[in-house]
Amino acid sequence: MASTSGRLPISATLRPSDARELAGTLADAYGNATAVYPLGGESSIDFGIPATRPGVGVATTGLDQLIDYPARDMTITVESGIRIAHLNEVLRAERQEIPWDVPAAGEATVGGVIATNFNGARRYGCGAIRDHLIGITAVDGRGVMFHGGGRVVKNVAGYDFCKLLCGSLGTLAVITQVTLKVRPLPERRAWAAVYPDSLQQAEELLAALEHDPISPTAIELLGGREALIAPLDPDRKLAILVMFEGLDCEVNWSLGRLREIVGHAGIGRLDAPFQTPDDFYQQFIEFPARGGAAIVARGCLPPGQLGGFLPKVWQVDPDCSLQAHAGNGLFMLRMSRIPGEGLSRSFVAFLQAEARAHQGSLVILSNPAGVEVTRQSTLGGGYAPYRLMESVKRQFDPANILNPGRFMFP
Amino acid sequence: MLASEARGADGVAAGRLGPCRRLANGMTFLIIEQIRNLGIFMLQSLPSTLVPELLRIVGVDGVLAARADLMVYECDGFVIEKNSPDVVVFPTSAEQVAQVVRCCRAAGVPFVPRGAGTSLAGGCLPVGGGVMIVLTRMKQILEINTRDRYAVVQPGVVNIWLTQALRGTGLHYAPDPSSQGACTIGGNVATNSGGPHTLKYGVTVNHVLGVECVLPDGEIVCLGGPVDESPGFDLVGAMVGSEGTLAIVTKIWVRLTKNPQGYRTMLGVFDSVDDATNAISAIIGHGIVPAALEMMDQGIIVALEAAFQFGFPLDASAVLLIEVDGLEVGLDAQQQDIVQLCQQQGAREVRLARDAAERAKLWKCRKQAFGAIGRLSPSYCTQDGVVPRTRLPHILRRITEIGNRHGIRIVNVFHAGDGNIHPILLFDERDPAQVQRVLQASNEILEECLACGGSVTGEHGIGVEKIGFMRRMFTADDLDLMARFRSAFNPDNRLSPGKMLPTAAGCGLEMKGSHRKAAV
C-alpha cells in the first residue's frame, strides 16, 4: 500500500469534519481551480496514472458518523468516511452484514469502496456495490452538495446518481453519505476447493454449476502461486473455490451436490468442506492489494470466455497470478513483472485487444512503479463512448479539479 | 394500406388511415399529395418536409398521422393528462430510430419514445406534441446465452415473452411487473420497473447489463454489454429509470436468473390490517428474505373473490401472499418459521398453496387485481409510494383516515415486503368534485410517504404525474444537477420534454390538444 505523500502531488491534506465543511472546501478549490484529490482509507491510492497537477488532498475520514440504522428495515445510513470493518461490526450486532469483502477493511472507507467499485467474491451471490447502494449524498466539482435515491429500498424518483457514482473513482464528486441495503447474516458459510487439471476442465465445471440449481455465493477460479495460498495446494496450477451460505441444511445439501457435479466433470480432487481458517479468507481478500506485484490488472469478460482468454495472459507473463470471480467473469491479475516488450505492446496492443475480442475489457488498476501507464492502459479505449462520459464529467466537474489526470480524463 | 396494421402495443388496433399506394423513395411530391388527400390535419404544426422524410425512413406502413389513429397515443395508463402527438412512427431497427431522431432534430420538433403505453405516470405523454417513436415493432429476442446467463432483446419485446422463450432452460427474467403480459422490456428499462418478486431479486436495473441506444443527436452508442462491468462511468445504471429523457434504447442485454429449485407459497389471513403489517416486520426482522411478500386488504379481497373465486375469506381484514423460494431442502424450515411468525402476530390461519396450479392461481389473482377493481367502481387511481417497511402500519392507518376525510373509498394491494404501497382510490370520473377529492387524497398520501422518509414512486416513475413532487423530494441543487446530467445527453431537451424534472420554467413547452379530463 502506497502512502499519500509519495503518490500524490499534494501540498496539504484537509480533513473536514462534516459534509458542509467539505462542500466549502470544494467550492473554494473550484473558485481557485485547485486540484483536489479525494482520500478515504488510502488503500487504493496507487490506482491509475501518477498525478502531476499540484493540489490538495481532501480526506473524508472525518466524516465517520453512523446516521441511522433502522435494523428491521434492513437499511443503514452512514457517512462516507466510516471504515468497512467498523461498519460490519455495527451490522453484526444486529446479525446483519454488507457483503463487501474488500482488502484493508480496517482502513478502507465506505465512500472509497463505492468510488472504486470493489466488492469481492460474494458479488456473485449477493450482488454488486450498486445493488446495495440506495441513497447517496455527495459534493460535485463546484462544491455543490447533492443527493440521489433515498432511504427506502425501492425508489425511482429522479436520475440514479447512486449508480453513476459507483466506480466513478472520485472524478465526478466526493461522496459524503450513503444509505445501504443490508442483508441478514447467513446461518452458516462453507467453502469447497476443487483442483481442475486444465482450463477446459475448469470451464466444464463452471458451466455445470451455472446449469444446476445449486446456488453458491461465490465461485472463484484461482491460478498461480500468489493465488493458491495455504492451505490450498500450491503445487496445482488451478483451483476453483466455491462458497455456500445459508441454512445449515442448505449448505450441507450444496456440498453433497457439488461432490456429484465434480464427479461428473471427472475432476479427481475435491476438498469439501474445505477447512478455511479466517486468516486464509483474509489473505484471499487481500490478493489485489498485497504488495510485490509489478502490475495489478482488472478485467471483466462473459464468464464462459475466461477459458479462452487466460492462456493469452500466461503467454505474456507465465508467472502471473489470477483471482477470478468466475461466476461473474470479473478477474484480477497480479503480473510478476513489466513485460520486456513494454506495456503498450504487451498490454494495450495485445491483451486489451484480446479482452475486447472476448467481449470484455482489461485495464491496469495499479502499477506501483508508475511505469509507462497511459490513459489507454488504465481505462482502455473503445469500451465506452468517451465523448458521452466527458460530457457527464463536464457537468459535474466543469473545472476538472477532481482527481485530474489520474484516470479517464487528462 | 398506410399504417393499416399498426397496433398500439397495449393491444389496441391503431386503425386505418385510408387507402394509399406504396410509394417509391424520392416521390415526396406524391406522398404530400396523398397526405393531403387523406385529410391529415395537424401537419401545419410541423415543417412540411418532416412527414415525407419519416415516410421515406420507415415506409408507409410505419407512419400514423390521422386524428383517429393518433387518439390511441394521446396518453398511457395515466389518463388525466392527454396530448396528441403530431405523428407516430414505428421503426423496425436502431438505424431507423437514429434516422427519425436526426430528422426530428433537423426539423426542431420534440420526439418521445413509447413502448406498450402501460406507464401509470404519463411517461409516454407527448408533451408539446411532435413525433412519437413507438418501438413495438422491434420485438425480436436476438440472443439467449444460457452459459453466461444473459439475453439480448429489442425494446419492444413484451416482458413475459422472454420468460416464455426461456422455458426449459432453467432460467427466467426476474423483473415481473403485474403488467408483464403487456409491458415491454424497453419500457421496463425506462421506468426501472419492479414487481412482486423484486423483494428478493431486485428491480429492472439489477438485471440490465447493457443497452444500445440512440442519443438525441442521432448517434447510436453501446453502454455495457454481455458483461458485469465495463470501464468508465456506469451509464447503464443511470440510463435505467431515466424515463426516456436521455436516449432511446434500441437493444438491451439482460441478466437471466436461475429458476429456484422449489417454492412455498402461503396465504396469511388476518383480522386486522395492523396484525398483517406487524407480521411483515416480524418476517423481515427474523432474517428471512421472502421472494415475495404482498398484502391485499379486504376491499381488494372481495373484488378478487368475485372475479376469480379462489376462496379468499371475505371477512378477513387483510391477507398476506408470502412466497419463499430456493433450495428445496431449506424451504420447509422457512415456511414453518413464517407460519409461526404470522400466528404470533395474530393470523387467523395460514394456508399453503398445495401445488403448482394453486400457486399459479394465487399469483394470477394478485397480478390481475387491478382488473378486478372494475367491479368496485367506474374509475380508479392507482397510487405508488414507498415507506420504510416498519412504517407500514402507520401509512395504512393514514390512508384510511385520508380516504374517510375526503369521502373516497381506498383499497390496497401492494408490495408490502418492499414498503411499496399501491393505494387504489375508487371514484366516478363523471363527477368532477370526486376527481378533485381523489387528487387531493392522492397528494396527501404521497406527502405522508415523504414525511415517513419514503418516496413518491417505487416503480411507476415520475412521468408528468409527479413532477410537482420532485421539489419536495429533492433540493434545488439536486434538480439543477439532474438537469445538467440530462443535458450531457439531451442538451436541447427535445427528447421527452416535460418529463421527470420540473422544467416548467426551462422547456417553454405547453400542453396542447384536447387536454381532456378522464379517469385518473
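Residues numbered from 1 in each chain as written. Chains lettered and ligands numbered in written order. Predicted model: local features only at pLDDT ≥ 70, side-chain atom pairs only at ≥ 80, totals over all residues. Heavy atoms only, no water.

With that settled, consider the packing of aromatic side chains. Each aromatic ring pair is characterised by the separation of its centres together with the angle its planes make. Summed over all chains, the structure comprises 17 aromatic pairs over all chains. Where Phe 47 of chain A meets Phe 118 of chain A, the ring centres are 6.1 Å apart and the plane angle is 40°; that geometry is what we call tilted. Taken together, the residues Phe 47 of chain A in the loop between strand E2 (35-39) and strand E3 (55-59) and Phe 118 of chain A in the loop between helix H4 (110-116) and helix H5 (123-126) connect sequence positions 71 residues apart. Summarising the burial analysis for this pair, Phe 47 of chain A and Phe 118 of chain A share the class buried. Look at Phe 396 of chain A and Phe 485 of chain B: their rings are 6.3 Å apart centre to centre, the planes differ by 80°, and that puts the pair in the edge-to-face class. Here Phe 485 of chain B lies in helix H17 (residues 476-489) and Phe 396 of chain A lies in helix H14 (residues 386-396), a pairing that spans two chains. The same class applies to Phe 396 of chain A as to Phe 485 of chain B, namely buried. Within the aromatic cluster, the residues linked to one another by ring pairs are Phe 146, Tyr 159, Phe 161 and Phe 396 of chain A together with Phe 485 and Phe 489 of chain B. (Phe/Tyr/Trp six-rings, centres within 6.5 Å; stacked < 30°, edge-to-face > 60°. Helix = DSSP H or I, 4+ residues; strand = E, 2+ residues; numbered from the N terminus. Buried < 20%, exposed > 50% of the residue type's maximum accessible area, 1.4 Å probe, protein only.)

Residues and elements named next belong to chain A. One open sheet accounts for 5 strands, arranged E4-E5-E9-E7-E8; its pairing is antiparallel. The open sheet has two edge strands, strand E4 (66-68) and strand E8 (145-149), and neither has a second partner. Put simply, the sheet's adjacent strands are angled 25° from each other on average, direction ignored. Sheet topology note: the strand E7 (residues 133-140)/E8 ladder contains 5 bridges and is antiparallel. Residue pairing for E8: Ile 136 is matched across the bridge by Gly 148. Contacts from helix H2 (residues 19-32) reach E7, E8 and strand E9 (173-181) within the one sheet, and its direction differs from that of E7 by about 45°. (Pairing = 2+ DSSP bridges. Axes fitted to C-alpha atoms, helices over the stretch in contact; angles between N-to-C directions. Contact = heavy atoms within 4.5 Å.)

Taken together, the contacts link 84 residues of chain B with 77 residues of chain A. Area buried by chain B at its contact with chain A is led by Arg 147, Glu 229 and Phe 233 of chain B, which between them contribute 14% of it. Where chain B meets chain A, there are 11 salt bridges. Applying the counting criterion to the chain B and chain A interface returns 31 residue pairs in polar contact (both at pLDDT 80 or more). Secondary-structure elements contributing two or more residues to the side of chain B that touches chain A are strand E9 (220-224), helix H8 (235-239), helix H9 (273-285), helix H11 (328-344), helix H16 (467-473) and H17 of chain B. A total of 11 residues in the side of chain B that touches chain A trace back to one element, the largest contributor, which is H17 of chain B. (Buried area = accessible area lost by both parts, 1.4 Å probe. Salt bridge = Lys/Arg side-chain N within 4 Å of Asp/Glu carboxyl O. Polar contact = N/O pair within 3.5 Å; in protein donor to acceptor, adjacent residues only side chain to side chain.)

In total, this model carries 50 salt bridges over all chains according to the counting rule given. The salt bridge involving Asp 197 of chain A is made with Arg 236 of chain A; its shortest N-O contact spans 3.5 Å. Of this pair, Asp 197 of chain A sits in the loop between strand E11 (188-194) and helix H8 (199-210) while Arg 236 of chain A sits in the loop between strand E12 (218-223) and strand E13 (238-246), and the two are 39 residues apart along the sequence. Using a relative accessible area of 59% as the deciding quantity, one classes Asp 197 of chain A as exposed. Judged by relative accessible area, which is 25%, Arg 236 of chain A ranks as partly exposed. With its nearest N and O atoms 3.2 Å apart, the salt bridge here joins Arg 398 of chain B to Glu 448 of chain B.

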